[in-house]
Amino acid sequence: MIRIEVILPKNEVMSVSEGLKQINVGGLTVSKKRGRGKNPGPEIHAAKGTEVFIPQFSDKYVLEIIVPENMEEKAIQIIKQNATLGKIFVHPVLRTYDIKTGAEGEKAI
């Protein structure tokens, strides 16, 4: 199993989610976080345009998806097609358990 973590600087969560539904990826966790990348965030004009403020951190959306290894490439392709900016990180998942049903491995996702 593979954990795919996607960091999106723009809110493109719904388009990515809808694309993943088309390939039967069921679960998706979304978090709104604050962070910074290589480039500074957009300027904010305050006090009727006389002051300019560049925030240290900007809002980001983090998606977490667990898929079987055979769906990794399809899921990444869908994410790339439905997002315009961001980063994708891929992590191996050693074990998965469903607390309610007791299912293990791919049956738990």
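Look up: the structure comes first, before these words.
(A) Focus on the overall build of the protein. Broken down by element type, the protein carries 2 helices and 6 strands. Helices and strands in the protein line up, N terminus first, as β-α-β-β-β-β-α-β. Scaling as 2.2 N^0.38, a compact globule of 109 residues should have a C-alpha radius of gyration of about 13 Å, whereas the protein reaches 17 Å, well beyond that. Principal-axis analysis of the C-alpha atoms places the extent of the protein at approximately 60 × 30 × 20 Å. Looking at the protein as a whole, 32% of its 109 residues qualify as buried. Summarising the internal contacts of the protein: among those between residues at least 6 apart in sequence, 76% fall at separations of at least 24.

(B) Inspection of the sheet that holds strand β6 (residues 87–92) at higher detail. If you walk across this open sheet you meet the 4 strands as β2-β5-β1-β6, and the pairing is antiparallel. Both edges of this open sheet fall to β2 (29–35) and β6, since each of them pairs with a single strand only. Across the sheet, the mean angle separating the axes of adjacent strands is 25° when strand polarity is ignored. Where strand β1 (residues 2–8) and β6 come together, 6 bridges link them in antiparallel fashion. Across the sheet, residue Ile7 finds its bridge partner in β6, namely Lys87. On the sheet, helix α1 (residues 13–22) packs against β1, β2 and β5 (58–67) and is oriented at approximately 10° with respect to β5.

(C) Representation of the pattern of salt bridges within the structure. Taken as a whole and judged by the stated rule, the model has 6 salt bridges. A salt bridge links Arg34 to Asp59, with the shortest nitrogen-to-oxygen separation between them at 2.9 Å. Taken together, the residues Arg34 in strand β2 and Asp59 in strand β5 connect sequence positions 25 residues apart. A residue is classified by how much of its surface remains accessible, and Arg34, at 57% relative accessible area, is exposed. Of the residues examined, Asp59 reaches a relative accessible area of 33% and is grouped as partly exposed. In the salt-bridge network here, residues are joined through shared partners; they are Arg3, Glu5 and Glu64.

Conventions adopted
- Positions within a chain are numbered from 1, following the residues in the order the chain's sequence is written.
- Note on the predicted model: pLDDT of at least 70 is required for a residue's local features to be given, and 80 or more for side-chain atom pairs to be given and counted; whole-chain, interface and lining totals, by contrast, use all residues.
- Remark: hydrogens and water are excluded; side-chain values derive from all non-hydrogen atoms of the structure.
- Strands here are runs of E lasting at least two residues and helices are runs of H or I lasting at least four, both read from the DSSP assignment and numbered beginning at the N terminus.
- Note on method: radius of gyration uses C-alpha positions; expected globular size equals 2.2 Å times residues raised to 0.38.
- Relative accessible area decides the class of each residue, using a 1.4 Å probe on protein chains only: under 20% of the type maximum gives buried, over 50% gives exposed, and in between gives partly exposed.
- Throughout, a contact is declared for two residues whenever any of their heavy atoms are within 4.5 Å.
- Being paired, for any two strands, means DSSP has found at least two bridges between them.
- The angle between two axes is taken between their N-to-C directions and runs from 0 to 180 degrees, where each axis is a line fitted to C-alpha atoms and a helix contributes only its stretch in contact.
- In what follows, salt bridge is the name for a side-chain nitrogen of Lys or Arg lying within 4 Å of a carboxyl oxygen of Asp or Glu.

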